[in-house]
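Okay, here's what each chain looks like letter by letter:
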Amino acid sequence: MRTACIILAGGAGKRMKSERPKVLAEVLCKPMLGWVLDAAEKFGFDEISVVTGYKAELTAEYVSSRGGSVTICHQAEQKGTGDAVRSAMEVIQRSDAVCVLNGDAPFVDADTIRASLELHRSTGSGVTVITAELESPLGYGRIIRTNGEFTAIREQKDCSPEEAGICEVNSGAYWFDAKKLSEALPKLSTNNAAGEYYLTDCVEMMQRRSAYTSPNPDIVLGANTRSALLELNRLARLKKLSQLMDEGVSFITTDGVIIGADVRIGCDTTILPNTVILGSTTIGRGCVIGANSHIENCVIGGNVQLNNVQAYDSVVEDDVKIGPFAQLRPGTTIRKGVKIGDFVEIKNSDIGVNTAVAHLTYVGDSDVGRGVNFGCGCVTANYDGINKFRTKIGDHAFIGCNTNLIAPVEVGENATTAAGSTITKNVPANSLAVERGQVRVIENWSKNALRKKK
Ligand code: UD1
Ligand code: CA
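Here is a short report on the structure shown in this document. Since we're looking at a predicted model, the values are computed, not measured.

Within this structure, the stated rule accounts for six aromatic pairs. Aromatic pair phenylalanine 43 and phenylalanine 45: ring centres 4.4 Å apart, planes at 40 degrees, arrangement tilted. A relative accessible area of 13% means that phenylalanine 43 is categorised as buried. Taken together, the ring pairs connect Phe43, Phe45 and Trp175 into an aromatic cluster. The ring of tryptophan 35 has lysine 30 sitting right over it, with the charged end atom 5.0 Å from the ring centre. The lysine or arginine in question, lysine 388, covers the ring of tyrosine 383, its NZ or CZ lying 5.0 Å from the ring centre.

Here it is as structure tokens:
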């Protein structure tokens, strides 16, 4: 049996008041569409397709930035969810069972998709709708049951006052028999309060229908407004924090702590306030991260301390101490035992084992050996205004305070640069490079005496 997933992502989402497609609005800094794609990829469909419409190029760009194989179907005009599914007719025709998901309902998961497929198959239904009971069902399509049997979905706008009192709602996620769906779609009309082609009207056209009621009501939640988006963020954030606590991560307070859904953190690590950890970051055991840190797409080892650190697309090995007020920019590797102090920026560089970069230093495009010491205020001048060049520093070199290293340049093993030197030539191993004017001392030079004269 060939399965396909069609993710509806074409709507403008007017109520969001955004210049971007609604499905790109983020929950824990990941677009809602990304959450849905993650669930679909985890389930393992034979084909996944995304229906784009409003600002389609932005949605398609996001989908391709994730990699993976996804078919894009374009809906030229946004005439409703039924019309959106129609734009994916080719996908339906080459499948046996089709799962439709809303791109603005991020919490649907692979287990729910699997459990609802089992019900769908065992009942031989034309459609199986994933539903849940909500305390406040306002805005959702209601599940209409006649003598207990599921018969239709009624949109909020079309509900009678009695129907509006129903708390079981449509999640916007369904399994369809592909053949029956392709027969039903052309029969949809716009004869409803919104004047749209409702996908939900297909339900009544099927001979057999089932409702899979999710035990976890959160999985149905969607966001049509900024305040609904805030609520999804709140729920996702708390869920992630409690999962991490179950896994042995400590928080003294969770104030200002935001941790992305895909982040992994080892036991006995403590996260301090105002710390944001995002993307594909993994952090080892026994670390202290924060306060006031922002870590994105990094691999951090064990026993690492990051205090007031910003780090992006970088690797930090075990037993490293960084901060306060330091930044690691993309392409950086910090090896075991390194110490990085205040006001240091490292970019696209490899900093060797046990090296110290204690204060006020910029290291860019550099390969630094082990046991190197940087004095205060060193700068690698890696950019001549046109091109960027690398700096190489051998093991146990000593870079004196306020050294400028004009790349491309190499400092050999055990070499020293004298404080205040601007190094434009390679420095051989075991040597001292000094670049300074002679000191002139002019005696009897009293500023106060000179001023009095004036
Ligand atoms: C829809 C369901 C409702 C359900 C709710 C769950 C319909 C008619 N109603 O309502 O029963 O309770 O989802 O969240 O289906 N889209 C397109 N093209 C369009 C219109 C929408 O691709 O022409 C996409 C949107 O981008 C969105 C999804 O379809 O991702 C759902 O559309 P939306 O307008 O948000 O539907 P709801 O009113 O929330
Ligand atoms: Ca919606």
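From this point, things continue past the structure.
Okay, the pattern of salt bridges next. Summed over all chains, the structure comprises 19 salt bridges. The partner of aspartate 111 in a salt bridge is arginine 114, with the nearest N and O atoms 3.6 Å apart. Here aspartate 111 and its partner arginine 114 are both found in helix α5 (residues 110-123), three residues apart, which amounts to about one turn of the helix. Put simply, aspartate 350 and arginine 335 hold a salt bridge, and the shortest N to O gap is 2.6 Å. With aspartate 350 in strand β28 (residues 350-351) and arginine 335 in the loop between β26 (333-334) and β27 (339-347), the pair connects residues that are 15 residues apart, well separated along the chain. Judged by relative accessible area, which is 28%, arginine 335 ranks as partly exposed. What you see here is one network of salt bridges that share partners, running through Lys30, Asp38, Glu41, Arg66 and Asp262.

The biggest cluster of nonpolar side chains holds 47 residues, and the ones touching the most others in it are Ile259 and Ile340. Counting only elements with at least two residues in this core, the list comes to α9 (226-246), β22 (309-312), β25 (326-328), β27, β29 (356-364) and β36 (409-411). Ranked by residues supplied to this core, first place goes to β27 with three residues. Core analysis: the second largest hydrophobic core is formed by 46 residues, Cys5, Leu24, Val27 and Val36 among them.

For ligand 1, the set of nearby residues contains 24 residues, the closest of which are Gly10, Gln75, Thr81, Glu155 and Asn170. Here leucine 8 contributes a backbone N or O atom positioned 2.8 Å from an oxygen atom of ligand 1. Within the complex, the protein chains bury 90% of what would otherwise be the 760 Å² of accessible surface of ligand 1. Elements supplying a minimum of two residues to the shell around ligand 1: β1 (3-9), α3 (81-86) and β10 (168-177). When the residues that make up the shell around ligand 1 are grouped by side-chain class, the tally is six nonpolar, 13 polar and five charged.

Judged by side-chain polarity, Phe325, Phe343 and Leu360 come together as a nonpolar surface patch covering roughly 310 Å² of accessible area. Note on phenylalanine 343: relative accessible area 49%, which makes it partly exposed.

A separate point is the coordination of the calcium ion (ligand 2). Protein-derived ligands of the calcium ion (ligand 2) are Asp104 (OD) and Asn224 (OD1), with the metal-ligand distances lying across 2.3 to 2.4 Å. Of this pair, aspartate 104 sits in the loop between β6 (97-102) and α5 while asparagine 224 sits in the loop between β11 (209-213) and α9, placing them 120 residues apart in sequence.

Here we take up unusual backbone geometry. Cis geometry is adopted by the peptide bond preceding alanine 291, which originates at glycine 290 and carries an omega value of 0 degrees. Tracing the chain through its elements places alanine 291 in the loop between β18 (288-289) and β19 (294-296). With a phi close to 55 degrees, aspartate 319 is a non-glycine residue in the positive phi region. Secondary-structure assignment places aspartate 319 in the loop between β23 (315-316) and β24 (321-322).

All right, on to the environment of valine 169 then. Tracing the backbone through its elements, the reader meets valine 169 in strand β10. In sequence terms valine 169 and leucine 221 are 52 residues apart; their C-alpha atoms lie 9.9 Å from each other. Excluding residues that lie within four positions of it along the chain, valine 169 makes contacts with Ile130, Thr131, Ala132, Leu134, Pro137, Tyr140, Gly141, Arg142, Ile143 and Val220.

How each quantity is defined
Residues numbered from 1 in each chain as written. Chains lettered and ligands numbered in written order. Predicted model: local features only at pLDDT ≥ 70, side-chain atom pairs only at ≥ 80, totals over all residues. Heavy atoms only, no water. Phe/Tyr/Trp six-rings, centres within 6.5 Å; stacked < 30°, edge-to-face > 60°. Buried < 20%, exposed > 50% of the residue type's maximum accessible area, 1.4 Å probe, protein only. Lys NZ or Arg CZ within 6 Å of the ring centre and 35° of its normal. Salt bridge = Lys/Arg side-chain N within 4 Å of Asp/Glu carboxyl O. Helix = DSSP H or I, 4+ residues; strand = E, 2+ residues; numbered from the N terminus. Core = buried A, V, L, I, M, F, W, Y, C linked by side-chain atoms within 4.5 Å. Near = heavy atom within 4 Å. Polar contact = N/O pair within 3.5 Å; in protein donor to acceptor, adjacent residues only side chain to side chain. Areas by Shrake-Rupley, 256 points an atom, 1.4 Å probe, with all protein chains shown as cover. Nonpolar A, V, L, I, M, F, W, Y, C, P; charged D, E, K, R; others polar. Patch = residues over 30% accessible without salt bridge, like charges linked within 9 Å, V, L, I, M, F, W, Y side chains within 5 Å. Donors = N, O, S within 2.8 Å, 3.2 Å for Na, K, Ca; no water. Contact = heavy atoms within 4.5 Å.

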